[in-house]
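Below are the chains, spelled out letter by letter.
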Amino acid sequence: MSNLQASAVLDSAHLGDIRGAFGTIRRADTGPRQGLMARLKTLLAILGPGLIVMVGDNDAGAFSTYAQAGQNHGTALLWTLALLIPVLYVNQEMVLRLGAVTGVGHARLILERFGKFWGAFSVIDLFILNALTIVTEFIGISLGLDFLGLPKLLGIGVAAVLIMAAAGTGDFRRFERFSMVLVLGSLLLIPLFIMVHPPMGDVLHDFVVPHMPTNAPLSDVMLLIIGIVGTTVAPWQLFFQQSYVIDKRITPRFIRYERIDLWLGIVLVIVGAVAIVACMAHAFAGTAEAGQFIDTAAVAAGLAKHYGRLPGMLFAIALIDASIIGAAAISLSSAYAIGDVLSLKHSLHRKPGEAKGFYAVYCVLIAVAAGLVMIPNMPLGLLTNAVQTLAGVLLPSASVFLLLLCNDKEVLGPWTNNRLTNVATVVIVGVLVLLSIVLTAAVAFPGISGDRIMEILVAGCVLGLVLGLGSFALRAYRVANGELPTESEEELSRDQLDSWRMPPLESLKPGKLTGANRLWMGVLRGYLVLAVGMVVFKVVQMAM
């Protein structure tokens, strides 16, 4: 049984008091929380990782993707957001558990447990996708400034300096308070929703009843659906939340509070997403702009045209706010990952002079992204949505690694996944792969009919069910024959669970990938390369 003193934490700055935006918990404070007020104070101190990762998820790409869905297809795609709620919780709950129990970031765990080959793939995927996504954040800032009539060069420069300065003080609490101000800024979408006042009956109906838009090319709709998935559940979120939980010094004792923090963040991200889709659907219905999405600056101008200057300003300010928190969080996820893999000091508790490599990665990503946005004649709206679609296509690969880590007894001990979480994650990965298959088919065969798409979906579901039942039967057979251990676990007390930490990495038994796991992961990787190629082809086709 491991403990805090013998943990695997890689940076000593990740050990110590929890100093959150709204309170402090001393490292030695391990007693039970008695009474409502004590629990509330603990929750306030823990609040942060879940809220920041979720609100950061409603970034510039999200604004663009949701606005396009509403302007071009009304509220017909709102149901996709409802289906993504369990996806958000299952994925992010696993990484917050990994962070609190292991004290080691996501990238380093993949590298240590699956080897350099897969570790390199995961970090390269993350770094490239993050770099592109940070560019879209500055596109969002540029478009918001454009509507407000403010100088773009100066505004983007100020935003870049602000984002770098917020993280570079060497004070974790100061960064978290800066981020929580931006979280509050996301609530500007609520008065916007009230001003536009879309019909709640239609919004609620389309949120819970799945259906496809009519009179729209299926390949375009599938591209948008996967874009919604990619902007709502992006790979960077997995890396960021795990590392941020570690940097905040949250231990297993506070996992229950961190789950509440995550649920609050999920509520905010879904409310914001629904507000954007519904407002655009109602604002542009029956107008010449309906079905003619260009970018978020044009959306703000359309709101001002139909509802007055104030709603347009609220949308533009909320867009800039979302882009800033998104840029900060995504840059941090890359800096944390690089610091983990290269064993650099990587903590917001450290000043720049103490963690030069960590802050260099963070600042260079911000500076380069801000500079690239100044390139003239770039199709900003299209590029933004393309990046979200790529994130959606690459998500299954990230989810597979997450599932394997959360079933690794050496890593999580008594905190490994239960059967329900495993089933939910496998279903999520299967659905994501199926969606990308439909997208690939729609791009390869532009004239494909809706009936044929339904046939693909039904066949995929049947195949998944057969494989799932076969896997369950095979496992039951191997357990019955003594080839696999039963699932009976040692009963641990609450205090034992709360104090269990992963031992140092060098003391763990080597991670093993079975031949079947290697085969399926190789097939998945090969297919995703094909799917990414199809997305790039479709985006270029739309641009031309």
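These numbers come from a predicted model, not from an experiment.

Peer 1: Teacher, can you tell me more about the overall build of the chain here?
Peer 2: For the chain, the helix and strand inventory stands at 22 helices and two strands. Counting the 544 residues in the chain, one finds 56% classified as buried. Taking contacts inside the chain between residues at least 6 apart in sequence as the whole, the part at least 24 apart equals 84%. Total accessible area on the chain is roughly 22,400 Å²; 68% of this is exposed by carbon and sulfur atoms.

Peer 1: Looking at this structure, how should I read unusual backbone geometry?
Peer 2: Of note in the backbone geometry, His-197 takes a positive phi value of approximately 55° without being a glycine. By secondary structure assignment, the location of His-197 is in the loop between α9 (189-196) and α10 (200-208). One non-glycine residue, Ser-343, lies in the positive phi region at around 60°. Residue position: Ser-343 is located in the loop between α15 (309-341) and α16 (356-372).

Peer 1: Explain the environment of Leu-129 here, please?
Peer 2: With respect to the element layout, Leu-129 can be found in helix α6 (residues 116-148). Here Leu-129 falls in the buried class, since its relative accessible area comes to 7%. Between the alpha carbons of Leu-129 and Ala-234 there is a distance of 9.7 Å; along the sequence they are 105 residues apart.

Peer 1: For this particular structure, what's the right way to read the packing of α15 against α16?
Peer 2: Axis angle and axis distance: for two packed helices, these are the angle between their axes and the distance between the axes, and together they describe the pair. Their axes nearest at 8 Å, the elements α15 and α16 cross at an angle of 140°. The orientation of α15 with respect to α16, classified from their angle, is oblique. Here the hand of the crossing between α15 and α16 comes out right-handed. Residues Ala-327, Ala-328, Ser-331, Leu-332, Ser-334, Ala-335, Tyr-336 and Ile-338 of α15 form the contact with α16, whose own contacting residues are Phe-358, Val-361, Tyr-362, Leu-365 and Ile-366.

Peer 1: Whenever I open this one, a nonpolar patch on the surface confuses me. Can you help?
Peer 2: Together, Leu-184, Leu-187, Ile-190, Ile-194, Val-267 and Val-271 make up an exposed nonpolar region whose accessible area comes to about 540 Å². The topology assignment puts Leu-187 in the loop between α8 (172-185) and α9. Relative accessible area serves as the criterion here: at 34%, Leu-187 is assigned to the partly exposed category.

Peer 1: Mind showing me how you'd approach helix α12 (residues 235-247) here?
Peer 2: In an α-helix, one turn spans 3.6 residues; hence positions three or four apart end up facing the same way. With 13 residues, α12 extends 19 Å between its outermost C-alpha atoms, agreeing within 8% with the 18 Å of an ideal straight helix rising 1.5 Å per residue. Among the 13 residues in α12, 13 count as buried, and that is most of the element. Note on α12: the residue one or two positions beyond its end, Arg-249, has a positive phi of about 75°.

Peer 1: What is the right way to read the packing of aromatic side chains from this model?
Peer 2: Counted according to the given criterion, the structure contains ten aromatic pairs. Consider the rings of Phe-175 and Phe-178, whose centres lie 6.5 Å apart with planes at 40°: the pair is tilted. With Phe-175 and Phe-178 both in helix α8, this residue pair falls three residues apart, about one helical turn. Taken individually, Phe-175 and Phe-178 each receive the classification buried, so the pair is uniform in this respect. On the basis of an interplanar angle of 70° and a centroid distance of 5.0 Å, the ring pair of Phe-358 and Tyr-359 is categorised as edge-to-face. An identical accessibility class is assigned to Phe-358 and Tyr-359; each is buried. Linked through ring pairs, Phe-172, Phe-175, Phe-178, Trp-236, Phe-240 and Tyr-244 together constitute an aromatic cluster. Note that Arg-309 overlies the ring of Phe-147, its terminal NZ or CZ placed 4.4 Å from the centroid.

Peer 1: It is not clear to me how helix α3 (residues 60-73) should be interpreted in this structure. Could you clarify?
Peer 2: With 14 residues, α3 should cover 20 Å at 1.5 Å per step; its first-to-last C-alpha distance of 20 Å lies within 8% of that length. Note on α3: the residue one or two positions beyond its end, Gly-74, has a positive phi of about 65°.

Peer 1: Would you mind showing me how to read the pattern of salt bridges here?
Peer 2: Where charged atoms from two side chains of opposite charge approach closely, those side chains can pair. Going through the model one piece at a time under the given rule, you end up with 14 salt bridges. The partner of Glu-176 in a salt bridge is Lys-248, with the nearest N and O atoms 2.8 Å apart. In this pair, Glu-176 is assigned in helix α8 and Lys-248 in the loop between α12 and α13 (255-284), connecting sequence segments 72 residues apart. Given a relative accessible area of 1%, Lys-248 falls into the buried group. A salt bridge links Glu-289 to Lys-305; the nearest nitrogen and oxygen atoms lie 3.4 Å apart. Of this pair, Glu-289 sits in the loop between α13 and α14 (296-307) while Lys-305 sits in helix α14; the two residues are 16 residues apart in sequence, bridging distant segments of the chain. What makes Glu-289 buried here is its relative accessible area of 18%. Each of Arg-253, Arg-256, Asp-495 and Asp-498 takes part in salt bridges that share partners, so that together they form one network.

Peer 1: Would you mind going over the environment of Gly-20 with me for this structure?
Peer 2: Note that Gly-20 resides in strand β1 (residues 18-20). Assessed through its relative accessible area of 0%, Gly-20 is described here as buried. Note: C-alpha distance between Gly-20 and Glu-176 (156 residues apart in sequence) is 6.9 Å. Excluding residues within four positions of it along the chain, Gly-20 makes contact with Ala-45, Arg-173, Glu-176 and Lys-248.

Peer 1: Can you walk me through the environment of Ala-76 in this structure?
Peer 2: The topology assignment puts Ala-76 in the loop between α3 and α4 (79-102). Taking the C-alpha atoms as reference points, Ala-76 and Asp-206, separated by 130 residues in sequence, lie 5.9 Å from one another. Sequence-distant contacts of Ala-76, that is, excluding residues within four places in its chain, are made with Asp-206, His-211 and Pro-213.

Peer 1: What is the right way to look at the side chain of Asp-11 in this model?
Peer 2: When you line up the elements, Asp-11 lands in the segment before β1. For Asp-11, the side chain forms a polar contact with the side chain of Arg-350, separated by 2.7 Å. Each residue touching Asp-11, except ones within four places of it in the same chain, is listed here: Lys-345, His-346, Ser-347 and Arg-350.

The rules behind each value
- Residues numbered from 1 in each chain as written.
- Predicted model: local features only at pLDDT ≥ 70, side-chain atom pairs only at ≥ 80, totals over all residues.
- Heavy atoms only, no water.
- Helix = DSSP H or I, 4+ residues; strand = E, 2+ residues; numbered from the N terminus.
- Buried < 20%, exposed > 50% of the residue type's maximum accessible area, 1.4 Å probe, protein only.
- Contact = heavy atoms within 4.5 Å.
- Areas by Shrake-Rupley, 256 points an atom, 1.4 Å probe, with all protein chains shown as cover.
- Axes fitted to C-alpha atoms, helices over the stretch in contact; angles between N-to-C directions.
- Parallel < 35°, antiparallel > 145°, perpendicular 65-115°, else oblique.
- Left-handed = near helix turned anticlockwise from the far one by under 90°.
- Patch = residues over 30% accessible without salt bridge, like charges linked within 9 Å, V, L, I, M, F, W, Y side chains within 5 Å.
- Salt bridge = Lys/Arg side-chain N within 4 Å of Asp/Glu carboxyl O.
- Expected span 1.5 Å × (residues − 1).
- Phe/Tyr/Trp six-rings, centres within 6.5 Å; stacked < 30°, edge-to-face > 60°.
- Lys NZ or Arg CZ within 6 Å of the ring centre and 35° of its normal.
- Polar contact = N/O pair within 3.5 Å; in protein donor to acceptor, adjacent residues only side chain to side chain.

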